[in-house]
Amino acid sequence: MNTTDLPPLLNATSTEVRDRNGALLRVYTVDNGLWRLGAAPQNVDPKYLEMLVAFEDKRFFAHSGVDPLAMLRATGQALAYGKVVSGGSTLTMQVARLLEDSGTGRWRGKLRQIRVALALEKRLDKDQILTLYLTHAPYGGNLEGIRAATLSWYGKEPTRLTPAQSAFLIALPQSPETRRPDRNFLSARDARNQVLDRLTQAGTLLDDTANAAKSEPVPHQRHPFPAFAPHLSDRATTRNRDARRHDLTIDMPLQKSLERLAAKALRGKEERLSIAILVADHNSGEILASVGSAGFSADGHRNGFVDMTQAIRSPGSTLKPLIYAMGFDQGLVHPQTLIDDKPVKFGTYAPQNFDGQFRGQLRVADALRLSLNIPVVLLTDQIGPARLMSAMKKAGADPVLPSGKAGLAIALGGIGLSLQDLTTLYAMQARGGKAVKLRWRKEDPLTEGERILSRAAAWQVGHIMSEMAPPAGASNMRLAFKTGTSYGHRDAWAVGYDGSHVAAVWIGRPDGTPVPGAFGGDLAAPVLFDVFQRLKPKLAPFGPPPPETLILSTAQLPLPLQRFRGRNAVFQAPPNSLELSFPPNGARLEGVETGLAVKVRHGKFPLTILANGHPLATDVRQRTINLPFTDKGASVLTVIDAAGRSDRVEIWID
């Protein structure tokens, strides 16, 4: 007994990326460039299905693949009129033709369709056959399936269709190229109206409904398929190429809004700038929006195809809150501790403030708000760059060291981090110092990490940042935020959070070249505030300070916390102590035949100066002295003040 070989029933369908609520974010064509989206009857408007069956195959649910009455009718009409008036194919036979991509007019092909249809009915139920039709029916150009059709012609899913839309979608597959409304509008409209007339005659539609449907316009052009979160969608499909559907944690309305904001933010600015925005719920770790560039394109100079949320860049000053929080935890400082902003040098490294000025002694909280460089480097020296690196890694970031060795410069951006890394660090701070892994796939579980900061330290840095003035023109919301600008104005950053969400913005050139005049406070901060305005109507509160938080003025603090002096302060000379400032220790001098010039800082007059233990000058009451000393070789100079304090240097005279 011969059996009918069935064609493949599982033709490839387009890969779909969906948001947290199931809305379509992005769809990809199959290998031959077709938009073919999977569809099932339960996902299609029931009235459309009723109209489809009534028009194409009214005994669909009763026959076993072939409708003899319909075939007799079609044959009789063809003999009577000398041409084909109506087809006798059932929906199952049409599915057979679509699966085999065979013609409709040859008797040999028709017989093959009958055999395949009968075999399909034996293997599949009616819903499965309908699913094949809804997936493979042609709708013009490279569109296959009802979902591709409704998304392209109407910009929506087929769950709710008007009678006019349903009639158009029934008429189009019968002649998908000649009835394409973007090429032959009148033909498309007439074919739709013929479907409405026949369904009215069959009693499926009321006259009033059909007449109203005829007044509804036929679409003139195709809608673009959804292409939101393109960079993240590509990451999802690259990670699992076999999956036909990817469900992300992205919120599509927010994603659409922030993609528009990204494009708007760069409008009118120099053409090589790019932008990246990331928003996450720091309680759940879910990424709600991920904008990798202002436009997903390789055209122009913006390199929009590069996902800048993943690019490794210098974070500028954005690590300062973490450093201060670690200083709070280690008992080095308190927000009200006084710290010096004055010239310092660590070997050959002499950090400078961004504006080149020094502000003297000020509170730690003010040093953070002003984003001063010298105080945070002093603190990093005490904490240790390696400990700072370890904290970032434990929090879930993946920092990259350009030189391979952690130095004090990492406090000011001498390290590589991605926008997602930075968002992860701030999410940790926002949730009371406990790490959380950011996730963008719905299937990934909540993964909490270890505690990086104490609750009190995390609250304190958040409180300090929330008191910073918003950028010019932004709403006066109490957002804990920090800006940053990398060396050479290559990267402009702004990161912030409230009680529920964390967001980060980066602006710069993808190739890493400088952007003259670019500052995080001017470029990125206004965008960050716009992000939160689009995210929610009102910020979520931070909550009260943890009970263990030490909230005191400077004078009320324990003495070791009133002024920052470092761990080795007991071994260091006190400030304003006597100092033999010239010649410096270890100096090698020549040409001192006329005497040796000596300079002294601080100390109480009168001064006494010794050379190799012998007095050279006594009762000295000036800071610069020319000593009658010309001995060659090694010598030790000592200065003693009226309070008995002393300082000494070793020199060599040629």
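Everything that follows concerns the structure shown earlier in this document.
Just so it is clear, the structure is predicted and the values come from calculations on it, not from any experiment.

Q: Can you walk me through the side chain of D281 in this structure?
A: Here D281 lies in strand β6 (residues 274-281). Put simply, D281 is tucked away with no salt bridge, and the nearest opposite charge, on R20, sits 6.3 Å away. For D281, the side chain forms a polar contact with the main-chain nitrogen of S284, separated by 3.3 Å. Beyond its immediate sequence surroundings of up to four residues, D281 is in contact with E286, L288, S500 and H501.

Q: How do you make sense of the packing of aromatic side chains when you look at a structure like this?
A: Aromatic ring pairs are described here by two measures, namely the spacing of the ring centres and the angle between the planes. All told, the structure shown has eight aromatic pairs when counted by the stated rule. Residues F60 and F61 carry aromatic rings whose centres are separated by 4.9 Å and whose planes lie at 75° to one another, so their mutual orientation is edge-to-face. Exposure remark for F60: the relative accessible area of 0% places this residue in the buried category. By the ring-pair criterion, three or more aromatic residues cluster together here, those being W153, Y154 and F168.

Q: Help me out: how do you make sense of the pattern of salt bridges in this one?
A: Summed over the entire model, instances satisfying the criterion amount to 33 salt bridges. When the shortest N-O distance is used, the salt bridge between R36 and E144 registers 2.7 Å. Within this pair, whereas R36 is found in strand β3 (residues 35-36), its partner E144 is found in strand β4 (residues 143-144), the two being separated by 108 residues in sequence. Neither R36 nor E144 differs from the other in exposure class; each is buried. The salt bridge involving R369 is made with D366; its shortest N-O contact spans 3.0 Å.

Q: It is not clear to me how the side chain of T554 should be interpreted in this structure. Could you clarify?
A: With respect to the helices, strands and loops of the structure, T554 is situated in the loop between α18 (520-535) and α19 (559-562). There is a polar contact of 2.6 Å between the side chain of T554 and the backbone oxygen of Q336.

Q: It is not clear to me how the sheet that holds strand β15 (residues 579-582) should be interpreted in this structure. Could you clarify?
A: Adjacent strands of a sheet form backbone hydrogen bonds with each other and so pair up, either parallel or antiparallel. Reading across the sheet, the three strands line up as β15-β17-β20 and stay open at both edges, with antiparallel pairing between neighbours. On the outer flanks of this sheet lie β15 and β20 (624-627), each paired with one strand and no other. Sheet twist, expressed as the average angle between the axes of neighbouring strands with direction ignored, equals 35°. Bridge count between β15 and strand β17 (residues 596-601): three bridges; the pairing is antiparallel. Residue pairing in the sheet places L580 in a bridge with V600 of β17.

Q: I keep staring at the packing of helix α1 (residues 46-56) against helix α7 (residues 163-171) and nothing clicks. Help me out?
A: Any two packed helices are characterised by the angle at which their axes cross and by the distance between the axes. Running from N to C, α1 and α7 point in directions that differ by 45°, and their axes come no closer than 10 Å. On the basis of their axis angle, the class for α1 and α7 is oblique. The hand of the α1/α7 crossing is right-handed. Contacts from Y48, M51, L52, F55 and E56 in α1 reach P163, S166, A167, L169 and I170 in α7. A per-class count over the contact of α1 with α7 returns eight nonpolar, one polar and one charged.

Q: Looking at this structure, how should I read the sheet that holds strand β5 (residues 245-247)?
A: The three strands lie next to each other as β2-β1-β5, forming an open sheet whose pairing is mixed. The sheet terminates laterally at β2 (24-27) and β5, the two strands that pair on one side only. Recorded for the sheet is a direction-independent mean angle of 20° between the axes of neighbouring strands. Two elements, strand β1 (residues 16-18) and β2, share three bridges in a ladder whose sense is antiparallel. Pairing of E16 across the sheet is with V27, part of β2. On top of the sheet, helix α10 (residues 230-239) reaches β1, β2 and β5; it is set at about 65° to β2, its chief contact.

Q: Would you explain the nonpolar core in this entry?
A: The tendency in soluble globular proteins is for nonpolar side chains to be buried as a group. Membership of the largest hydrophobic core comes to 109 residues, with the highest contact counts inside it found for I277 and M392. A total of nine residues in this core trace back to one element, the largest contributor, which is α18. When near neighbours in sequence (up to four residues on either side) are disregarded, M392 contacts L319, L322, A397, P399, I415, L417 and L425. If you look at the next biggest cluster of nonpolar residues, it comprises 53 residues, including L24, V27, W35 and I170.

Q: I keep staring at a positive patch on the surface and nothing clicks. Help me out?
A: Where like charges cluster on the molecular surface, the positive patch consists of K256, R260, K264, R267 and R534. The greatest single-element share of the positive patch, amounting to three residues, is contributed by helix α11 (residues 252-266). For K264, the position within the fold is in helix α11. What makes K264 partly exposed here is its relative accessible area of 47%.

Criteria and cut-off values
Residues numbered from 1 in each chain as written. Predicted model: local features only at pLDDT ≥ 70, side-chain atom pairs only at ≥ 80, totals over all residues. Heavy atoms only, no water. Helix = DSSP H or I, 4+ residues; strand = E, 2+ residues; numbered from the N terminus. Buried < 20%, exposed > 50% of the residue type's maximum accessible area, 1.4 Å probe, protein only. Lys, Arg positive; Asp, Glu negative; His and termini not counted. Salt bridge = Lys/Arg side-chain N within 4 Å of Asp/Glu carboxyl O. Polar contact = N/O pair within 3.5 Å; in protein donor to acceptor, adjacent residues only side chain to side chain. Contact = heavy atoms within 4.5 Å. Phe/Tyr/Trp six-rings, centres within 6.5 Å; stacked < 30°, edge-to-face > 60°. Pairing = 2+ DSSP bridges. Axes fitted to C-alpha atoms, helices over the stretch in contact; angles between N-to-C directions. Parallel < 35°, antiparallel > 145°, perpendicular 65-115°, else oblique. Left-handed = near helix turned anticlockwise from the far one by under 90°. Nonpolar A, V, L, I, M, F, W, Y, C, P; charged D, E, K, R; others polar. Core = buried A, V, L, I, M, F, W, Y, C linked by side-chain atoms within 4.5 Å. Patch = residues over 30% accessible without salt bridge, like charges linked within 9 Å, V, L, I, M, F, W, Y side chains within 5 Å. Areas by Shrake-Rupley, 256 points an atom, 1.4 Å probe, with all protein chains shown as cover. Charge placed at Lys NZ, Arg CZ, Asp CG, Glu CD.

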